[in-house]
Amino acid sequence: DAGVHSKAWYAATCDRKTAEDALYRSNKDGSFLIRKSSGQDSRQPYTLVVFYNRRVYNIPIRFIESTGQYALGREKSGEERFDSVAEIVENHQRTSLVLIDSQNNTKDSTKLKHIVRVS
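Residues numbered from 1 in each chain as written. Predicted model: local features only at pLDDT ≥ 70, side-chain atom pairs only at ≥ 80, totals over all residues. Heavy atoms only, no water.

Draft legend 1. The arrangement of the layout of surface pockets in detail. Empty space within the largest pocket amounts to approximately 840 Å³. I59, P60, G73, V98 and I100 are the residues nearest the centre of the largest pocket, which is lined by 26 residues in total. Elements with a contribution of two residues or more to the lining of the largest pocket: α1 (16–26), β4 (55–64) and β6 (97–101). For the lining of the largest pocket, the element with the highest residue contribution is β4, accounting for 6 residues. Class assignment for the residues of the lining of the largest pocket results in 10 nonpolar, 7 polar and 9 charged. (1 Å grid on protein atoms, 1.4 Å probe; cavity = no way out; pocket = protein on both sides within 12 Å on 5 of 7 lines; lining within 4 Å. Points joined across faces, edges and corners; volume = space filled by probe spheres on them. Helix = DSSP H or I, 4+ residues; strand = E, 2+ residues; numbered from the N terminus. Nonpolar A, V, L, I, M, F, W, Y, C, P; charged D, E, K, R; others polar.)

Below, the structure is given as structure tokens:
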């Protein structure tokens, strides 16, 4: 289960809109949660949802079958890979996560700071 089910930041049955609404309500940069991805795709089981600068970013978490590891976003060379989803969260609580806004072609970065619970 990628070590997510017991975590405070994991919103298991939460859909995209519910997650985004919860983050907009929190209105704190670095607010985040992880939800199951909308599509039933074993290669992209989860989505990291992050609030920054009045925007919500949905970042896919990919499962790499060949190594049994996880990575963020689209596949790229030299990407960071993690043994669990929890490791991704712990890493980005310490080091900044790059947020790419594909509409405005801008890049920001933030650490994962505030766990948002979906009621």
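Read on for the rest.
Draft legend 2. Expanded view of the pattern of salt bridges. Under the counting rule described, the total for this entry stands at 6 salt bridges. Its salt-bridge partner being R62, residue E79 comes within 2.5 Å of it at the nearest N-O pair. Of this pair, E79 sits in the loop between β5 (69–72) and α2 (85–94) while R62 sits in strand β4, and the two are 17 residues apart along the sequence. There is no split in this pair, since E79 and R62 are both buried. The closest approach of N and O atoms between R81 and E79, which form a salt bridge, is 3.4 Å. Each member of the salt-bridge network shares a partner with another, and the members are R62, K76, E79 and R81. (Salt bridge = Lys/Arg side-chain N within 4 Å of Asp/Glu carboxyl O. Buried < 20%, exposed > 50% of the residue type's maximum accessible area, 1.4 Å probe, protein only.)

Draft legend 3. Spatial organisation of α1. Inspection of α1 places A19, E20, A22 and L23 among the buried residues, and these make up the whole buried set. Within α1, the buried residues cover an arc of 160° as seen down the axis, which keeps them to one side. For α1, the exposed residues set more than 90 degrees away from the buried face come down to K17 and R25. Here the buried face of α1 lies against β2 (31–36), β3 (46–52) and β4. (Arc of directions from axis to C-beta. Contact = heavy atoms within 4.5 Å.)

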